[in-house]
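Structural description and commentary
Chain residues, written in single-letter form:
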Amino acid sequence: MATTEARNVLVTGGNRGIGLAIARAFQEAGDRVVVTHRSGQPPEGLEGVICEVTDTASVDAAFTAAEEIFGGPVEVLVANAGITRDTLLMRMSDEEFDSVIDTNLAGAFRCARRAATGMIRKRRGRIVLISSVVGLYGSPGQTNYAASKAGLVGLARSISRELGGRGITANVVAPGFIDTEMTAVLPDDQKKAYLANIPAGRFATPEEVAAVVRFVASDDAAYVTGAVIPVDGGLGMGH
Ligand code: NDP
């Protein structure tokens, strides 16, 4: 990959799962990495800042703390923090709908808005939003989650149009089924049904998502913006 200079990379929800794999991939490539976490200690070998993405003041404080660690602005933002609160449409409460939108969509917006200031000043930046195949494919029992993940596409595309002339790209990476705590809770029969529809015939590892995130954040991907890049073993067939 053509990126040679170390960048300042912030990964939300980088304390576990896909976020942690992304953080480690950037770190192994020589970038400076800070992860956000909500409690406890950051993973070994990584710098961490406390951040609750549903709270603007917490996002602001986390960026300020990260900028102090870096000694400069965040140059690569990976908005990865996300939750599910699955249930069928007719049973879904306002709270179940709102909390997922507030975390997955508004949380990414808060982080991108805060990151933009420093990126505009530097005239360089990479914003990568972690969506899901479900955002464009739909999924029963996930109206809240799918809506939040589809919303990230409009968010990234609008950021691309606003900031594209300033050396900033905004892209969406849409994973399919990845082996993490989020999918570990799925019932076995549901997992089997999903597997039957995945051309690759398996779930992915978090590292396979991380490799694609690193590519869209690289100098090689300078002309890729407003894109939705699936990492789903063919499940969504390019949706
Ligand atoms: P995990 O449940 O393993 O991790 C979720 C991360 O998000 C945790 O670090 C969690 O922090 C953080 N988080 C959740 N809510 C908040 C919040 N309000 N403020 C700050 N941080 C928060 O999920 P995955 O690693 O599986 O998923 C990561 C991303 O990838 C998510 O956006 C998810 O929707 C997406 N994705 C996952 C797929 C999969 O198959 N696993 C498939 C497609 C997309 P804490 O540790 O404090 O709870």
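Residues numbered from 1 in each chain as written. Predicted model: local features only at pLDDT ≥ 70, side-chain atom pairs only at ≥ 80, totals over all residues.

Our focus in this paragraph is the confidence of the model for the chain. This prediction gives the chain a mean pLDDT of 96; 98% of its residues lie at or above 70. For this predicted complex, the interface score ipTM comes out at 0.99, while the overall pTM is 0.97. (pLDDT = per-residue confidence, 0-100.)

Turning our eyes to something else, we now look at the environment of Gly71. The topology assignment puts Gly71 in the loop between helix H2 (56–70) and strand S4 (76–79). Gly71 sits in the exposed class, given 8 other C-beta atoms within 10 Å. Separated by 37 residues in the primary sequence, Gly71 and Val34 have C-alpha atoms spaced 12 Å apart. (Helix = DSSP H or I, 4+ residues; strand = E, 2+ residues; numbered from the N terminus. Buried ≥ 20, exposed ≤ 12 C-beta atoms within 10 Å, placed from the backbone.)

Here we take up the packing of H2 against helix H3 (residues 94–122). The angle between the axes and the distance between the axes are what describe a pair of packed helices. The interhelical angle for the contact between H2 and H3, taken along N-to-C directions, is 40°, at an axis separation of 10 Å. Here H3 runs oblique to H2, going by the angle between their axes. In the crossing of H2 with H3, the sense of the turn from one axis to the other is right-handed. Where H2 approaches H3, its residues Thr56, Val59, Asp60 and Phe63 are matched on the opposing element by Arg110, Cys111, Arg114 and Ala115. (Axes fitted to C-alpha atoms, helices over the stretch in contact; angles between N-to-C directions. Parallel < 35°, antiparallel > 145°, perpendicular 65-115°, else oblique. Left-handed = near helix turned anticlockwise from the far one by under 90°. Contact = placed C-beta atoms within 7 Å.)

What the seven strands build is an open sheet, ordered S3-S2-S1-S4-S5-S6-S7; its pairing is parallel. Whereas interior strands pair on both sides, the edge strands pair on one side only; in this sheet they are strand S3 (47–50) and strand S7 (228–231). Put simply, the sheet's adjacent strands are angled 20° from each other on average, direction ignored. Of the strand pairs in this sheet, strand S6 (residues 168–175) and S7 are connected by four bridges, and their pairing is parallel. (Pairing = 2+ DSSP bridges.)

Okay, the pairing of S6 next. A large share of S6 lies buried, amounting to eight of its eight residues. In S6, alternate side chains face the same way, and those of Ile168, Ala170, Val172 and Ala174 on one face and Thr169, Asn171, Val173 and Pro175 on the other are all buried.

So, about the site of the ligand. Of all residues adjacent to the ligand, which total 28 residues, the nearest are Gly13, Gly17, Arg38, Gly82 and Thr180. Elements with a contribution of two residues or more to the shell around the ligand: helix H1 (17–28) and helix H6 (181–184). Residues of the shell around the ligand, tallied by class, amount to 10 nonpolar, 14 polar and four charged. (Near = placed C-beta within 6 Å. Nonpolar A, V, L, I, M, F, W, Y, C, P; charged D, E, K, R; others polar.)

On to the UniProt feature "domain: Ketoreductase" (unreviewed entry) in the chain. Per the UniProt record, the feature "domain: Ketoreductase" (unreviewed entry) sits at residues 7–181. Secondary structure across residues 7–181 comprises 47% helix and 18% strand; the distance between its end C-alpha atoms is 29 Å. (UniProt positions renumbered as here; feature names shortened; annotations may be inferred.)

Turning next to H2. Over its 15 residues, H2 runs 21 Å from end to end, which matches the ideal 21 Å to within 8%, given 1.5 Å per residue. Of the positions making up H2, those classed as buried are Val59, Ala62, Phe63 and Ala66. Viewed end-on, H2 has its buried residues packed into an arc of 100°, placing them on one side of the element. Exposed positions of H2 whose direction lies more than 90 degrees from the buried face are Ala57, Thr64 and Glu68. Those residues of H2 that are buried lie in contact with strand S1 (8–11), strand S2 (32–37), S3 and H3. (Expected span 1.5 Å × (residues − 1). Arc of directions from axis to C-beta.)

Viewed as axis vectors pointing N to C, H3 and helix H5 (residues 143–163) meet at an angle of 20°, and their least axial separation amounts to 9 Å. Relative to H5, H3 is oriented roughly parallel. Here the hand of the crossing between H3 and H5 comes out right-handed. Residues Glu96, Phe97, Val100, Ile101, Asn104, Leu105, Ala108, Phe109, Ala112, Ala116 and Ile120 of H3 form the contact with H5, whose participating residues are Asn144, Tyr145, Ala147, Ser148, Lys149, Gly151, Leu152, Leu155, Ile159 and Leu163.

Looking now at H3. Taking 1.5 Å per residue, 29 residues should reach 42 Å; H3 reaches 40 Å between its end C-alpha atoms and fits that length. The sharpest bend along H3 reaches about 35° and sits at Ala106. Every buried residue of H3 is accounted for by Val100, Thr103, Asn104, Leu105, Gly107, Ala108, Arg110, Cys111, Ala112, Ala115, Ala116 and Met119. Once H3 finishes, Arg123 follows within two positions and takes phi at roughly 55°, a positive value. (Bend = angle between axes of the 7 residues up to and from the residue.)

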